[in-house]
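Analysis of the macromolecular model
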Amino acid sequence: MKKLIIGTAQLVRQYGISNHSKKKSSKNIFEFLEFCLKNSINSFDMASDYGSEKIIGEFIKSNKVKKIFLSTKIPSLKKIKDIHKIDSIKRQIEVSFKNLNIDSLESIYFHDEADYHFFKKKKLEIRKMIKNYKIKKLGFSIYSKKIFRNIKNEKYIDTIQLPINIINKDFNNLNSKKNIVARSIFLQGLLINKKINTKNILLKNFNKILFDFANDKNIDLYSICLNYILKNKKINQFIIGFDNIDQLKNLISFKNHTFDGKNTELISKLVSKKNYRKIIDPRKW
């Protein structure tokens, strides 16, 4: 799985509506990270909001890890006045470097797509700053089609994180030369787990409809979700978060790359137009 990036949101906290695991100890996290590196999985996606930078930094330092590819994110700038935003970005980068015990980064993303408006005004200054901090790629983690249309040809953006899965049709047309990173490929587990931890009746109903359909058609939802990403040549990398080593072992052993376009299309039609946005966008959960 050369294209795999480990999402770290659930390394240190319960993340996702299907995550029922207990809080992990530092030992558990180190064991997971060691397993990743032993299996040549060395790309990790973080954010200061996840709380995962420090524990990964401790692991890097204690194991003297050299070959590792790290991405992190700049928290939303919406509560900061424009005059102070550049300084805020610098401080955050320096905090991330200190947390991670590193002096360079593979990528850094703006975590809030609304910050694109500030980026447009200061992109030359931001780009120069990123280069000075030895960060290879600058990107945005986004949700909306409109923002994607704006940044897909933006000269000073290298990489874009997008929610792409079998029911999200927003990014069917990935006509861009940027490094495209798919996230939410299982939609926080909604698409592959019967046991979801939510009071949202709409999500519960959709989850039941989805699994009833899968059982009726004898569909392996895990395979169909993963193959949907693997078959898309315009996706350069994809992010998956794991609750434990066994889940990662299951992915490593995955061999079925046959893509079922017919059933994928049928699954996408299980979401009504009325409820589409409320289901595909976790911000509305």
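Residues numbered from 1 in each chain as written. Predicted model: local features only at pLDDT ≥ 70, side-chain atom pairs only at ≥ 80, totals over all residues. Heavy atoms only, no water.

With 17 residues, helix α5 (residues 116-132) should reach 24 Å at 1.5 Å per residue; the first-to-last C-alpha distance of 21 Å falls well below that figure. Considering bend angle alone, the principal kink of α5 is centred on Lys 122 and spans about 85°. Among the residues of α5, Tyr 116, Phe 118, Phe 119, Ile 126, Met 129 and Ile 130 are the ones counted as buried. The secondary structure elements touched by the buried residues of α5 are α4 (82-100), β4 (105-110), β5 (135-141) and α6 (145-151). Downstream of α5 by one or two residues, Lys 134 has phi in the positive range, about 60°. (Helix = DSSP H or I, 4+ residues; strand = E, 2+ residues; numbered from the N terminus. Expected span 1.5 Å × (residues − 1). Bend = angle between axes of the 7 residues up to and from the residue. Buried < 20%, exposed > 50% of the residue type's maximum accessible area, 1.4 Å probe, protein only. Contact = heavy atoms within 4.5 Å.)

This part is about the sheet that holds strand β1 (residues 4-7). A barrel is described by the order of its strands in space; here eight strands give the closed sequence β1-β2-β3-β4-β5-β6-β7-β8, paired in parallel fashion. Here the average twist between neighbouring strands, direction ignored, is 30°. By the bridge criterion, two bridges tie strand β7 (residues 179-183) to strand β8 (residues 237-241) in an arrangement that is parallel. When the bridges of β8 are listed, Ala 182 appears paired with Phe 238. (Pairing = 2+ DSSP bridges. Axes fitted to C-alpha atoms, helices over the stretch in contact; angles between N-to-C directions.)

Under the counting rule described, the total for this entry stands at 11 salt bridges. For Asp 82, the salt bridge identified is with Lys 85, shortest N-O distance 3.0 Å. One end of the pair, Asp 82, and the other, Lys 85, are both in helix α4, three residues apart, so they sit about a helical turn from each other. Overall, the relative accessible area of 34% leaves Asp 82 in the partly exposed class. What makes Lys 85 buried here is its relative accessible area of 9%. Salt-bridge contacts for Arg 127 lead to Asp 158; the nearest nitrogen and oxygen are separated by 2.6 Å. Pair noted here: Arg 127 is in helix α5 and Asp 158 is in the loop between α6 and β6 (159-163), with a separation of 31 residues, a long-range link. Salt bridges sharing common partners tie together Asp 82, Lys 85 and Lys 121. (Salt bridge = Lys/Arg side-chain N within 4 Å of Asp/Glu carboxyl O.)

Here the focus is the nonpolar core. By size, the foremost hydrophobic cluster in this structure holds 88 residues, and its most contacted members are Leu 70, Ile 167 and Leu 248. Examining the composition of this core, we find that seven residues originate from one element, helix α8 (residues 221-230), more than from any other. Excluding residues that lie within four positions of it along the chain, Leu 248 makes contacts with Leu 4, Ile 6, Phe 32, Phe 35, Cys 36, Ile 41 and Phe 242. (Core = buried A, V, L, I, M, F, W, Y, C linked by side-chain atoms within 4.5 Å.)

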